[in-house]
Each structure stands twice: as structure tokens, then as C-alpha cells.
Amino acid sequence: MEDVGVVLAGRGGSRMLRILNIRLSRVAVLSQLMRVPLPPLVTPRVLGVDDFALYGGTYGTLLVDATTRLPLTLWEGRDADRLGRWLREHPGVEIACRDGSLAYRQGITAGAPDAMQVSDRFHLWQGLSRRVQDIASAHRGCLPAALPPVSDTAPAPVEGPLENTTADTPTERHARRLFEAVQALTRSGRSHSSVARELGLNRRTVSKYARAHTWQEVVRRPPRKFSTLDPYLDYLQQRWDEGQHSAKILHEELQTKGYLGHYQRVKMAIAPLRRGLPIDEPRERPPSPRETAPMDHHPPAPAQPAHQRPPAPPPRPLP
């Protein structure tokens, strides 16, 4: 019954025992399972220390044997004193894998001063991803140039982004005002937190406007999806160049060519041409900085025989 309870817990264990002609409720199985003594705790050579979320903003600490990957103990909170006390009561830890938490660093230093503190694989990749994301955010304007052309006949992307110095929409005018205000305050030596309090903005928003070189970089232009008018865009451009600027006449001409869409869609399509701008063609959404960060992580090399594998690098110490 103990073995079944360990493998299947209460409800599943009760069902399995019923097949074996042992009729016990799930509560009885769990009660017997709780009476099973825990194996003796052996101090690991490599200790893993990490936190986990209990509920809401409450976190706990989990200690794991990094060699066997079995949990050792856990408690509520992330205080350094309790971690240091546990390490003093269980001497023998040579390497401690942890995240970048200052509390865990202080606890390991106090409880096992001779242990080497290293960062585990997950937090190394997480730190690298955040750094790549920061770099991609600083060069947000370069991301659209990385998109492939919509079709084989579409023009290749230009080397540099075309900047429109005029703000035509309320969103663009708002972005330009915020950009000028944030840039003026940050150039005077003000911190991002101070600027955020004065302008009533989030600190991340202030950081985004402070990193940008132009206000166009912070305006998110949503991608336009393909529509039934897209096959006729070249014809609209041709007729516009020939001098036909009436949306009603152009719509009637497109109907004779098989276009079944509404007149309003044709009117909206030629609106950029009236302002001297190129016609709005379908485009893909450029990747965001968060989506760009994982692209830099190349997959691991294929497995090699043991005699051909290079020696594993030593653990990376944390500062």
C-alpha cells in the first residue's frame, strides 16, 4: 500500500488497490503515505538553491541535490539567515548553484564560505536573453529591414528607415510630444525615475523613450493584413500616375476587372498617394525585441560520441 501510494497518491492509489481486492479510501492511502519515514538527508556536493511562488507575491526557497535532481527541503521566504543556518547544519557543500539573488548570495557566503557559487544554466540563458533584448530595443528601427520582401516582385528593403518628420495621427503627435519631453529631461541629467514621477509615466515607458533616437521608433505601426484589393494595387498606382485621381472612377474600373470590394476600401488605398506617400502595401510585422532575443540562441550541436566530445567547461563563478 505504501508503494502504491508513493506512485499514484490517494485517488489513483485507491483505484489500483481496489483492483487488488484491497478496498481503502483515498484518505486512508494518503494517511498511510504520510507515515512513511523520509530517507535520511545526505548533504550534497553540488547544491541547487532557487525560489518558487507559493501564491500571489509570496515566495519560498527550494534546495535540490544538483547531482540526483531530488529535492532536499523547502521553506517559506527567501531570507539569507535561514539558508546560512541550514548550510552550517549540513556542512560539505562544495558548489552552490543559485540565481542572481543577493539574499541567496549572502546566505551561502555566511553558511558555506568555502563553497564556489555559480549560476545555473537557466539563469545564464535568462540573463543573456535580457541583455540581447535590451540591445534589440536600442536598435528597434533596424528590425523592419530584416523582414523578407512580401513577394519576389516587391522592392528590396532600403538600407535605412525612412523617417517622416511630420506627425499626422493623434498617436504620432502624442508620441512626438512625449519623446521631446523625456529627451529634454534626461539630457539635463535627471534619472528615469524622476522623469517618470514628473510626467506621470511608467519608468519602463520613460526608459523606452530615452533609448530611442527618434520618436518614430516608439510608434508601433500595426501590420496591414492582405485584402482582396492587394492584387489591384499596381493597377491603382499605374492609373494614378496617368492622372486618374477619382476614387469613384477607379472603383468602377476595378469592378470591371473582377474586384468585389467596397468603394471605401479603394478610397483609403489611394489616400497616401494624395499626400505624396507610396501606396500602403501589405507588410509583415517586424519582430519585437522580446521575439528577437531567442533568435540569437543557436541550438546545441548534435550529440557526439563520448571520446569525441570536448571537455566540459568548469562552472562559471558569480561576482
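Residues numbered from 1 in each chain as written. Predicted model: local features only at pLDDT ≥ 70, side-chain atom pairs only at ≥ 80, totals over all residues. Heavy atoms only, no water.

1. Observations regarding the overall build of the protein
Thinking step 1. The number of helices and strands found in the protein is 13 helices and five strands.
Thinking step 2. Residues classed as buried in the protein amount to 29% of the 319 residues present.
Thinking step 3. Put simply, 49% of the contacts in the protein that link residues at least 6 apart link residues at least 24 apart. (Helix = DSSP H or I, 4+ residues; strand = E, 2+ residues; numbered from the N terminus. Buried < 20%, exposed > 50% of the residue type's maximum accessible area, 1.4 Å probe, protein only. Contact = heavy atoms within 4.5 Å.)

2. Some remarks on the packing of helix α6 (residues 170-187) against helix α8 (residues 203-211)
Two quantities define a packed helix pair, namely the angle between the axes and the distance from one axis to the other.
Thinking step 1. Interaxial distance between α6 and α8 falls to 9 Å at its minimum, and their mutual angle equals 85 degrees. Accordingly, the angle class assigned to the pair α6 and α8 is roughly perpendicular. For the pair α6 and α8, the contacting residues are Ala 175, Leu 178, Phe 179, Val 182, Gln 183 and Thr 186 in the first and Val 206, Tyr 209 and Ala 210 in the second. (Axes fitted to C-alpha atoms, helices over the stretch in contact; angles between N-to-C directions. Parallel < 35°, antiparallel > 145°, perpendicular 65-115°, else oblique.)

3. Thoughts on helix α7 (residues 192-199)
Thinking step 1. Those residues of α7 not exposed but buried are Ser 194, Val 195 and Ala 196.
Thinking step 2. Buried residues along α7 sit against α6 and α8.

4. So, the pairing of strand β2 (residues 58-65)
Thinking step 1. In the sheet, strand β1 (residues 46-55) pairs with β2 via eight bridges, with the strands oriented antiparallel. Across the sheet, the residue bridging to Asp 51 is Thr 61, located in β2.
Thinking step 2. Hairpin connection from β1 to β2: two residues lie between these consecutive antiparallel strands, with Gly 56 at a positive phi of about 55 degrees.
Thinking step 3. Relative to strand β3 (residues 70-76), β2 is paired through six bridges, and the arrangement is antiparallel. Each bridged residue has a counterpart across the sheet, and for Val 64 the counterpart in β3 is Pro 71.
Thinking step 4. Between β2 and the antiparallel strand that follows it, β3, lie four residues; Arg 69 among them carries a positive phi value of about 65 degrees. (Pairing = 2+ DSSP bridges.)

5. Some details on helix α10 (residues 247-256)
Thinking step 1. For α10, every residue scored as buried is listed here: Ala 247, Leu 250, His 251, Glu 253 and Leu 254. Taken down its axis, α10 places every buried residue within 160 degrees of arc, on the same side. The outward face of α10, more than 90 degrees from its buried face, is lined by the exposed residues Lys 248 and Thr 256.
Thinking step 2. Elements that come into contact with the buried residues of α10 comprise α9 (233-241), α11 (263-269) and α12 (271-274). (Arc of directions from axis to C-beta.)

6. Focus on unusual backbone geometry
Thinking step 1. Within the chain, Ala 9 stands out as a residue other than glycine whose phi angle is a positive 65 degrees.
Thinking step 2. Position of Ala 9 relative to the elements: it lies in helix α1 (residues 2-19).
Thinking step 3. Judged by relative accessible area, Ala 9 falls into the partly exposed class, the value being 37%.
Thinking step 4. Positioned with a positive phi, Arg 69 is a non-glycine residue whose angle comes to about 65 degrees.
Thinking step 5. Positionally, Arg 69 belongs in the loop between β2 and β3.
Thinking step 6. Residue classification places Arg 69 among the exposed residues on the basis of a relative accessible area of 71%.

7. Description of the environment of Ala 112
Thinking step 1. Mapped onto the elements, Ala 112 comes out in the loop between α4 (102-111) and β5 (116-119).
Thinking step 2. Judged by its relative accessible area of 12%, Ala 112 is buried.
Thinking step 3. Each C-alpha atom of the pair Ala 112 and Gly 92 lies 8.3 Å from the other, and the pair is 20 residues apart in sequence.

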